[in-house]
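Breakdown of the fold
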Amino acid sequence: MYGKAFAPEYQGALTTLSVNSSLTDVLAAGAEQLRAAEEAGEHGEAARSGLAVAEAHRRLGQVREADRAWKASYRAARDAGDLAAMAWALWSGGTLARQRGAFPLARRLLGLAAELGEHGGDIVVRGYSLAGLAETGRIQGDYQAVARLHEQLLAEARRRGEARHTVWALEGIAQIHRNSGSYDTAFALFEEAAEIAAGAEDRRGHAWALRGLADIVSVRDGDTERALALLSEAEETCRAMKLSGALAYNHKMRGNVLYRAGRYPEARALYEQALAEFRAMREPRGEALSRLGLAKSLARLGRDRAETAAELDDLAGVLERIGLRHAREMVSRAQVELGVETAGDTSSGTVGHAAAAGVTR
């Protein structure tokens, strides 16, 4: 039903690159082709190769370079009069904005990308841009608003037999169910995503699916060793492909698994590692979630209650400013769990099934 996964963001002379190509290889090939296109005055090719450069920088956590690259790709596409290429550049910029925690900007850029993709007749970039909007809403915890869009995009991807997008949609829907406490449904969806990704040779999608399965195995079944084994398998892919962001989230999840198992010193070390990784790539959401896990671990290891309360209160403010509703609720649950609620905290009454669990992706 599904063919081999492909990477539509690798365009022009770079279509020979695989979805599983190492990001350092993508960056080298993209930069070389970009130089050649600019020297030849080929704006369209410069836009396409620049897109690959932007995406490689973004996935490597190189925010400044990614920001420059997607904007240069957009300018080249505009000079070429190529609406689809302009849409792809905006998609890259919107995805970067979401990664940086700039959610209003992400929605604006992704919305423009979807419109340009439709006008330019490129259904793939339109689909990717709508998926970006859906993922932005999901990450912010606005599940009711984006669940239907996830389902719509899943149906479209299945219809076209597009494995990579099917895997993405399945994982997004699974995450919504997981964060809502429907663990069995989430597990089945992550399992299907892993199976499709493996069959389509989508190693990135497979690594994310394994991470989702590890989370469920840990929080639902309490099977720490199986969860850690799944994360180790996913980590091999992250390292092979140089997926800096995915690797940092893998380490944070390993911290979650160890924390749930009561292995607090090990959890602390993993949260510290993930925190350093997220800070290096200036990823505010991952940084905040790692800080939360670290604060909880330190509290279990005897940290002063007043220090824990201050840390969680500061985190609550950070997450409010970023606009991460579900993560903000996690802080409230942590305050209840550790007995350090602040007087002004009123959101801790909405404690769901996942009281001691961490947000994943």
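Preceding block: the structure.
Fair warning: this is a prediction, and the values are worked out from it, not measured in the lab.

About the cut-offs
- Residues numbered from 1 in each chain as written.
- Predicted model: local features only at pLDDT ≥ 70, side-chain atom pairs only at ≥ 80, totals over all residues.
- Heavy atoms only, no water.
- Helix = DSSP H or I, 4+ residues; strand = E, 2+ residues; numbered from the N terminus.
- Rg over C-alpha atoms; globule rule 2.2 N^0.38 Å.
- Buried < 20%, exposed > 50% of the residue type's maximum accessible area, 1.4 Å probe, protein only.
- Contact = heavy atoms within 4.5 Å.
- Areas by Shrake-Rupley, 256 points an atom, 1.4 Å probe, with all protein chains shown as cover.
- Lys, Arg positive; Asp, Glu negative; His and termini not counted.
- Charge placed at Lys NZ, Arg CZ, Asp CG, Glu CD.
- Phe/Tyr/Trp six-rings, centres within 6.5 Å; stacked < 30°, edge-to-face > 60°.
- Lys NZ or Arg CZ within 6 Å of the ring centre and 35° of its normal.
- Core = buried A, V, L, I, M, F, W, Y, C linked by side-chain atoms within 4.5 Å.
- Patch = residues over 30% accessible without salt bridge, like charges linked within 9 Å, V, L, I, M, F, W, Y side chains within 5 Å.
- Salt bridge = Lys/Arg side-chain N within 4 Å of Asp/Glu carboxyl O.
- Axes fitted to C-alpha atoms, helices over the stretch in contact; angles between N-to-C directions.
- Parallel < 35°, antiparallel > 145°, perpendicular 65-115°, else oblique.
- Left-handed = near helix turned anticlockwise from the far one by under 90°.
- Expected span 1.5 Å × (residues − 1).
- Polar contact = N/O pair within 3.5 Å; in protein donor to acceptor, adjacent residues only side chain to side chain.

1. A closer look at the overall build of the protein
Across its full length, the protein carries 16 helices and 0 strands. The globule rule puts the C-alpha radius of gyration for 361 residues at 21 Å, and the 20 Å found for the protein is close to it. Referenced to the eigenvectors of the C-alpha coordinate spread, the extents of the protein come out at roughly 65 × 40 × 35 Å. When burial is assessed residue by residue, the protein has 58% of its 361 residues classed as buried. Here the analysis covers contacts within the protein between residues at least 6 apart in sequence; of these, 62% occur between residues at least 24 apart. Accessible surface, the protein as shown: approximately 14400 Å² in total, 49% of it carbon and sulfur. If you average the places of the 47 positive and of the 49 negative side-chain charges in the protein, the two averages end up 2 Å apart.

2. Side note on the packing of aromatic side chains
Using the criterion set out here, one finds 6 aromatic pairs in the structure. Stacked on the ring of phenylalanine 187, the Lys or Arg arginine 220 has its end atom at 4.7 Å from the ring centre.

3. Some thoughts on the environment of leucine 258
Here leucine 258 shows up in helix α12 (residues 244–260). In this structure the C-alpha to C-alpha distance between leucine 258 and arginine 303, which are 45 residues apart in sequence, comes to 18 Å. When near neighbours in sequence (up to four residues on either side) are disregarded, leucine 258 contacts Leu228, Arg263, Glu266, Ala267 and Leu270.

4. Section: unusual backbone geometry
The backbone phi angle of glutamate 201 is positive, close to 60 degrees, even though this residue is not glycine. Here glutamate 201 is to be found in the loop between α9 (183–199) and α10 (203–221). The partly exposed category is assigned to glutamate 201, whose relative accessible area is 42%.

5. Quick look at the nonpolar core
Tyr10, Trp91 and Leu312 are the most contacted members of the largest nonpolar core, which totals 113 residues. Per element, the largest residue contribution to this core is 9 residues, and it comes from α9.

6. Quick look at a positive patch on the surface
There is a patch of like positive charges on the surface, built from Arg64, Arg68, Arg100 and Arg282. If you trace the backbone, arginine 64 turns up in helix α3 (residues 63–80).

7. Re the packing of helix α15 (residues 305–322) against helix α16 (residues 325–338)
When two helices pack together, their arrangement is captured by the angle between the axes and the distance separating the axes. The N-to-C vectors of α15 and α16 enclose an angle of 165 degrees; their axes lie 9 Å apart at closest approach. By the angle between their axes, α15 is roughly antiparallel relative to α16. In this structure, α15 crosses over α16, and the sense of that crossing is left-handed. Contacts between α15 and α16 involve Arg305, Thr308, Leu312, Asp313, Leu315, Ala316, Leu319 and Glu320 on the former and, on the latter, Ala327, Arg328, Val331, Ala334, Gln335 and Leu338.

8. Describing helix α4 (residues 83–99)
Over its 17 residues, α4 extends 24 Å from the first C-alpha to the last, a length consistent with the 24 Å expected when each residue adds 1.5 Å. Of all 17 residues in α4, 16 are buried, a share of seventy percent or more. Between the side-chain oxygen at the start of α4 and the backbone nitrogen of alanine 84 there is a gap of 3.2 Å, and the oxygen is on aspartate 82.

9. Considering the environment of methionine 1
Positionally, methionine 1 belongs in the segment before α1 (23–40). Sequence separation between methionine 1 and arginine 158 is 157 residues, and the spatial gap between their C-alpha atoms is 8.5 Å. In this structure methionine 1 touches Arg158 and Gly161, once residues within four positions along its chain are discounted.

10. Notes on the side chain of glutamate 162
Topologically, glutamate 162 is positioned in the loop between α7 (143–160) and α8 (163–179). Among the polar contacts made by the side chain of glutamate 162, one reaches the side chain of arginine 160 at a distance of 3.0 Å.

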